[in-house]
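Residue-level listing of the chains:
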Amino acid sequence: MSIPTRYHLVLDRIARAARRAGRRPEAVQLVVVTKGHPLEAVRQVVEAGARHLGENYLEEALPKIEALGDEPLIWHMIGHVQSRKARPVAEHFAWVHSVDRLKLARRLSAFAAESGRTLPVLLECNVSGEESKFGWPAWDERAWPALADELAPLLELPALDVRGLMTMAPFVDDPEEVRPVFRRLRSLRDFLARRFPRLPWEHLSMGMSGDFEVAIEEGATFVRVGTAIMGPRRG
Ligand SMILES: *Cc1c(COP(=O)(O)O)cnc(C)c1O
């Protein structure tokens, strides 16, 4: 199957999952994850209509962002960001899904301000407790009040626009197994929305190739899909 065919199949599956959950398909934004794929493959999915693209690594993303500079693309940083790379990330990406510590948030805010913009970001949360994952530790609900206190200064940063939460679920064979993880991210979002009602908290970035339909049923507004559209990664 070609990239455009798989792209349209995934869009159909997104729309069906949304309707099943009583949601509008437009309420779910597909971010096509292009990491590990060459520029030519990225061009194919852009020609098929993709506008929101996700990358994990700055060095890999920059040449693609530059080469596709004439396209109306919205680039999402979804991978772990080292603090010393905060400047180019703040300059070249429209969204950052992976804000996982205050130091990074401060730097992103400072560099976004220098570029005269406000950067929309999501807070990456570890709601599964898996050790390998980045993200604010949030698997234990009893720790949420303390987490909220820790997040308070971040929410005040002048050039960051905190719009919601992101998580990566563990890899499992049966996506039903990760439904509780997605549900916990949504509960955490609801908790933070009660605690900080001034902010919109409208986004939940959750769901990848293996589990995006379950994530949509649990409220995902961004799904980050790579393999199911682009095929196996090379790089
Ligand atoms: C690679 C990656 C994805 C896409 O994963 P697939 O299983 O290929 O769909 C989504 N989110 C993050 C954070 C990733 O690193």
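Residues numbered from 1 in each chain as written. Predicted model: local features only at pLDDT ≥ 70, side-chain atom pairs only at ≥ 80, totals over all residues. Heavy atoms only, no water.

Quick question: what am I supposed to make of the site of the ligand here?
Neighbouring the ligand are Val33, Lys35, Asn56, Ile78, Met168, Met208, Ser209, Arg224, Val225, Gly226, Thr227 and Arg233. In this structure, an oxygen atom belonging to the ligand sits 2.8 Å away from a main-chain N or O atom of Gly226. Thr227 has a polar side-chain atom sitting 2.5 Å from an oxygen atom of the ligand. Here the shell around the ligand is built from residues that sort into 5 nonpolar, 4 polar and 3 charged. (Near = heavy atom within 4 Å. Polar contact = N/O pair within 3.5 Å; in protein donor to acceptor, adjacent residues only side chain to side chain. Nonpolar A, V, L, I, M, F, W, Y, C, P; charged D, E, K, R; others polar.)

Help me understand helix 7 (residues 179–195) in this model?
Since the α-helix turns once every 3.6 residues, residues separated by three or four places project in the same direction. Taking 1.5 Å per residue, 17 residues should reach 24 Å; helix 7 reaches 24 Å between its end C-alpha atoms and fits that length. Buried residues of helix 7: Arg179, Val181, Phe182, Leu185, Leu188, Arg189, Phe191 and Leu192, and no others. Buried residues along helix 7 sit against strand 5 (119–126), helix 6 (144–155), strand 7 (160–166), strand 8 (203–205) and helix 8 (212–217). (Helix = DSSP H or I, 4+ residues; strand = E, 2+ residues; numbered from the N terminus. Expected span 1.5 Å × (residues − 1). Buried < 20%, exposed > 50% of the residue type's maximum accessible area, 1.4 Å probe, protein only. Contact = heavy atoms within 4.5 Å.)

Looking at this structure, I do not really get the side chain of Asp211. What am I missing?
With respect to the element layout, Asp211 can be found in the loop between strand 8 and helix 8. Of the buried charged residues, Asp211 lacks a salt bridge, with Arg224 as the closest side chain of opposite charge at 7.1 Å. At 2.6 Å, the side chain of Asp211 and the backbone nitrogen of Met208 are in polar contact. Excluding residues within four positions of it along the chain, Asp211 makes contact with Ala169, Pro175, Val178 and Phe182. (Lys, Arg positive; Asp, Glu negative; His and termini not counted. Salt bridge = Lys/Arg side-chain N within 4 Å of Asp/Glu carboxyl O.)

What is the right way to read the packing of helix 1 (residues 3–20) against helix 2 (residues 39–47) from this model?
Two quantities define a packed helix pair, namely the angle between the helix axes and the distance between the axes. In the contact formed by helix 1 and helix 2, the axes pass within 9 Å of each other and the chain directions differ by 50°. Judged by the angle between their axes, helix 1 and helix 2 are oblique. As for the relative orientation of helix 1 and helix 2, their crossing is right-handed in sense. On the side of helix 1, the interface is formed by Ile3, Pro4 and Tyr7, while helix 2 contributes Ala41, Gln44 and Val45. When the residues that make up the contact of helix 1 with helix 2 are grouped by side-chain class, the tally is 5 nonpolar, 1 polar and no charged. (Axes fitted to C-alpha atoms, helices over the stretch in contact; angles between N-to-C directions. Parallel < 35°, antiparallel > 145°, perpendicular 65-115°, else oblique. Left-handed = near helix turned anticlockwise from the far one by under 90°.)

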